Amino acid sequence: MQTLLDILLKIRFVLLFLLLEAISLVLLFKFNTMQNSVMTTAANGVSGWMLKTESGVTGFFYQGRENRLLAEENARLQSELFRLKDSLYMASLPQSGGDVVVARVIDNSISHDNNFITIDRGSDAGIDEGMGVYSPSGVVGVVYKSSRHYSLVLPLLNSKSSVSCRIRRLDSFGFLEWDGGDPAYAWLKDLPYHSGAQLGDTIVTSGFSQIFPKDIPVGVVSDVQTDATGVAPVVQVRLTVNFNRLGFVYVNTDTAPDELIQLNRMKK
Amino acid sequence: MVIDFLRKLLIVIPVLLLQVLVLDRIHLFGYATPYLFIFLILISDVKTNPAERMLWAFAMGLVTDLFSSTPGMHAASATLLAAIQPWLLGLFVSMDRREQFVPGLESMNSRQYFLFLTVGTLVHHIVYFILKTFSFQDWSVLILRIGASTLLTVVLMAVCEYVFRVKKRRRR
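On a predicted model such as this, the values are computed, not experimentally measured, just so you know.

(A) Seen up close, the overall build of chain A. Secondary structure summary: chain A contains five helices and twelve strands in total. For chain A, the residues scored as buried account for 35% of the 268 residues in total. Restricting the contact set of chain A to residue pairs at least 6 apart, pairs at least 24 apart contribute 54%. Accessible area of chain A: about 16000 Å², with a carbon and sulfur share of 57%.

(B) The environment of L88 of chain A, seen in detail. Residue position: L88 of chain A is located in helix α4 (residues 44-92). L88 of chain A sits 48 residues away from P136 of chain A along the chain, and the two C-alpha atoms are 9.9 Å apart.

(C) Quick peek at the sheet that holds strand β12 (residues 248-252) of chain A. All names here are of chain A. Spatially, six strands are ordered β1-β2-β5-β4-β3-β12 in a closed barrel, and the strand pairing comes out antiparallel. Going across the sheet, the axis of each strand differs from the next one's by a mean of 45°, ignoring polarity. Sheet topology note: the strand β3 (residues 132-135)/strand β4 (residues 138-146) ladder contains four bridges and is antiparallel. Each bridged residue has a counterpart across the sheet, and for G132 the counterpart in β4 is V142.

(D) Structural context of the packing of aromatic side chains. This structure, assessed with the given rule, holds ten aromatic pairs over all chains. Where F5 of chain B meets W56 of chain B, the ring centres are 5.4 Å apart and the plane angle is 35°; that geometry is what we call tilted. You can see F5 of chain B sitting in helix α1 (residues 2-21) and its partner W56 of chain B sitting in helix α3 (residues 50-68), a full 51 residues away along the chain. Taking 5.4 Å as the distance between ring centres and 55° as the angle between the ring planes, the aromatic pair formed by Y113 of chain B and F114 of chain B counts as tilted. For F114 of chain B, a relative accessible area of 21% translates into the label partly exposed. Among the aromatic side chains, those forming a connected cluster through ring pairs are Y134, F212 and Y250 of chain A. The lysine or arginine in question, K145 of chain A, covers the ring of Y144 of chain A, its NZ or CZ lying 4.8 Å from the ring centre.

Parameters at a glance
- Residues numbered from 1 in each chain as written.
- Chains lettered and ligands numbered in written order.
- Predicted model: local features only at pLDDT ≥ 70, side-chain atom pairs only at ≥ 80, totals over all residues.
- Heavy atoms only, no water.
- Helix = DSSP H or I, 4+ residues; strand = E, 2+ residues; numbered from the N terminus.
- Buried < 20%, exposed > 50% of the residue type's maximum accessible area, 1.4 Å probe, protein only.
- Contact = heavy atoms within 4.5 Å.
- Areas by Shrake-Rupley, 256 points an atom, 1.4 Å probe, with all protein chains shown as cover.
- Pairing = 2+ DSSP bridges.
- Axes fitted to C-alpha atoms, helices over the stretch in contact; angles between N-to-C directions.
- Phe/Tyr/Trp six-rings, centres within 6.5 Å; stacked < 30°, edge-to-face > 60°.
- Lys NZ or Arg CZ within 6 Å of the ring centre and 35° of its normal.

That's the geometry; what it means functionally is another story.
Shown next, in the form of structure tokens:
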């Protein structure tokens, strides 16, 4: 025992050296991205924290001017992108394109049971309650309330939302609803019995209510089940719109004639 | 002891600030980046407890790592340099490790001294750049980097030597 202690005492500097080097190398292999690709594991949280701390400290000295330049450039590119995407979309629009208003999403949520989206256009731009809102990838929702410059949109991800849809292959109709939970999936209900929906079928808008133009994409069938009675089919739909990343949307201001709206109201 | 620690801290902090805020961002000709903070390791007193020297080097390396997002690389190479510093110095000058001996122009002749600085820097830079690149595929670039950076570091060390250490001595 005594000899062991003597030996340990004698090589204590070597041990310390090895310990420090071991710590360094653990840090090296754990945190660094380049070395991570050579080794295996990742510690993204820590390296992210380190980078944030670093940019927080050094940014104080360096990045003020760069940030401003980047923000300016970003705004310039963004407006250009909007303009280009807009013209691209207008060109591909199935109907006459004049009755679409482009709006930017300024607030959005997907985590509640009743989510809402706020867009930066309102009644001054011709937006009114009940108008359809969609993005290039598909249906987003329906305008719920609008002030002069802003509108509140009831997205598909709201338990009050109900949109008339059609299974394109079969021409059978139903209502798309959402019961909370995963923001990527909704349910198509009130389908005719024996509708024969299959996985992969495309769901599009029906065009009945004239809220949306006909054949705007909504989603793809990802599961077919039956409701509580065990007879009526209920279809799970994977939505085409990624509500997480809504940048800008189109509002369909080409609504039904007042006469039809009046008639529809009488139904309720 | 505490006073001594604080006095060292008073030198270490400005040097580290200079390193992480200015020198780390220099990429002269795309290859040369000076790592001046190892100067403090190289000119440490030989009599210093090896554990103390290694811990200082490790801490300085770690701080530099933290700011240049190169975790562990500086810490590893600086600790290694601290561990071999007395032995390395023994190659160039005969001295007794139990007695105080601070490497510098005062205690050594300039040829010995700068050769010592160059070899020490070279060793550190070789280890550091190998850890940083972590491959020998681009070995010509690696060698160029090590050579250019060593040159720049040693030049900066010489500047520091004449500006801070020689002047101080004359004032005395």
